[in-house]
Amino acid sequence: QVHVAESGGGLVQAGGSLSLSCTASGLADSTYAVGWVRQATGADREFVAAVSYTGRMTDYADAEKGRVTISRDSSNFPVYLQMNSLKPEDTAVYYCAARPIRIGTFRRPDEYHYWGQGTQLSVSS
């Protein structure tokens, strides 16, 4: 049984930084592309960043470029999301999602097969 779990959320002041971590267990092998998606209260899920199975390809939402970094060590978990210059509008539940595929990064939530329960990030002004 695949289990994806996020950690690292919390309460941060605007302008601060935070790193989220995504771990996974029960995977058939390590060939998983991973993405981070967030959902603010009352809003749809929103793509933040994605990384390929090898870690060599990354993709970011336009609004997040230069402010967030997704990373992984080769094809391994955990996968990290470093977020800098946090704003109150970054407040959301952040989800890690995985897809068993060797090539590519993915933006649409429906492209992912496995999801964590999410971790809350709250940014105070």
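Remember, it's a predicted structure, so these values are computed and weren't measured experimentally.

Participant: Outline the overall build of the chain, listing residues and values.
Facilitator: Helix and strand counts for the chain come out as zero helices and 11 strands. Put simply, the chain runs from its N terminus to its C terminus through helices and strands in the order β-β-β-β-β-β-β-β-β-β-β. Taken over the C-alpha trace, the chain has a radius of gyration of 13 Å; the compact-globule value for 125 residues is 14 Å, and the two agree within 12%. The principal-axis extents of the C-alpha atoms in the chain amount to approximately 40 × 25 × 25 Å. Evaluated residue by residue, the chain yields a buried proportion of 42% over its 125 residues. In the chain, the proportion of contacts linking residues at least 24 apart, taken out of those at least 6 apart, comes to 59%.

Participant: Just give me the short version of the packing of aromatic side chains, but keep the residues and values in it.
Facilitator: In the structure shown here, the tally under the stated rule is four aromatic pairs. Judged by centre distance (6.2 Å) and plane angle (50°), the ring pair of Tyr32 and Tyr114 falls under tilted. Taken together, the residues span a long stretch of sequence, with Tyr32 in strand β4 (residues 32-39) and Tyr114 in strand β10 (residues 114-115) at a distance of 82 residues. On the accessibility criterion, Tyr114 (30% relative accessible area) is partly exposed. Between the aromatic rings of Tyr112 and Trp115, the centroid separation amounts to 6.3 Å while the plane-to-plane angle is 75°, which identifies the pairing as edge-to-face. A relative accessible area of 6% means that Tyr112 is categorised as buried. Overall, Trp115 belongs to the partly exposed group, its relative accessible area being 25%. Put simply, the rings of Tyr95, Phe106, Tyr112 and Trp115 pair up and form one aromatic cluster. Over the face of the ring belonging to Trp115 we find Arg45, whose NZ or CZ atom lies 4.5 Å from the ring centre. Positioned above the aromatic ring of Phe106, the side-chain terminus of Arg99 is 4.3 Å from the ring centre.

Participant: If you had to explain the environment of Ile70 to someone new, which residues and values would you point to?
Facilitator: Its place among the elements puts Ile70 in strand β7 (residues 68-72). Residue Ile70 is classed as buried on the basis of its relative accessible area, which comes to 4%. Between the alpha carbons of Ile70 and Pro88 there is a distance of 20 Å; along the sequence they are 18 residues apart.

Participant: Break down unusual backbone geometry for me, citing the residues and quoting the values.
Facilitator: Phe77 connects to Pro78 through a cis peptide bond whose omega is 5°. As for its position among the elements, Pro78 is in the loop between β7 and β8 (79-83). A positive phi is found at Ser74, a non-glycine position, where the angle reads about 55°. Along the chain, the position of Ser74 falls in the loop between β7 and β8. Overall, the relative accessible area of 44% leaves Ser74 in the partly exposed class.

Participant: So, the nonpolar core: which residues are in play, and what are the values?
Facilitator: Formed by 24 residues in total, the largest nonpolar core has its most connected members in Trp36, Ile70, Leu81, Met83, Tyr94 and Leu121. Taken together, the elements giving at least two residues each to this core come down to β3 (18-25), β4, β5 (46-51), β7, β8, β9 (92-100) and β11 (119-124). The element contributing the most residues to this core is β9, with four residues. Other than its neighbours up to four places away in sequence, Tyr94 contacts Glu6, Leu20, Trp36, Val37, Arg38, Val48, Leu81, Met83, Gly118, Thr119 and Leu121.

What counts, and where the lines are drawn
Residues numbered from 1 in each chain as written. Predicted model: local features only at pLDDT ≥ 70, side-chain atom pairs only at ≥ 80, totals over all residues. Heavy atoms only, no water. Helix = DSSP H or I, 4+ residues; strand = E, 2+ residues; numbered from the N terminus. Rg over C-alpha atoms; globule rule 2.2 N^0.38 Å. Buried < 20%, exposed > 50% of the residue type's maximum accessible area, 1.4 Å probe, protein only. Contact = heavy atoms within 4.5 Å. Phe/Tyr/Trp six-rings, centres within 6.5 Å; stacked < 30°, edge-to-face > 60°. Lys NZ or Arg CZ within 6 Å of the ring centre and 35° of its normal. Core = buried A, V, L, I, M, F, W, Y, C linked by side-chain atoms within 4.5 Å.

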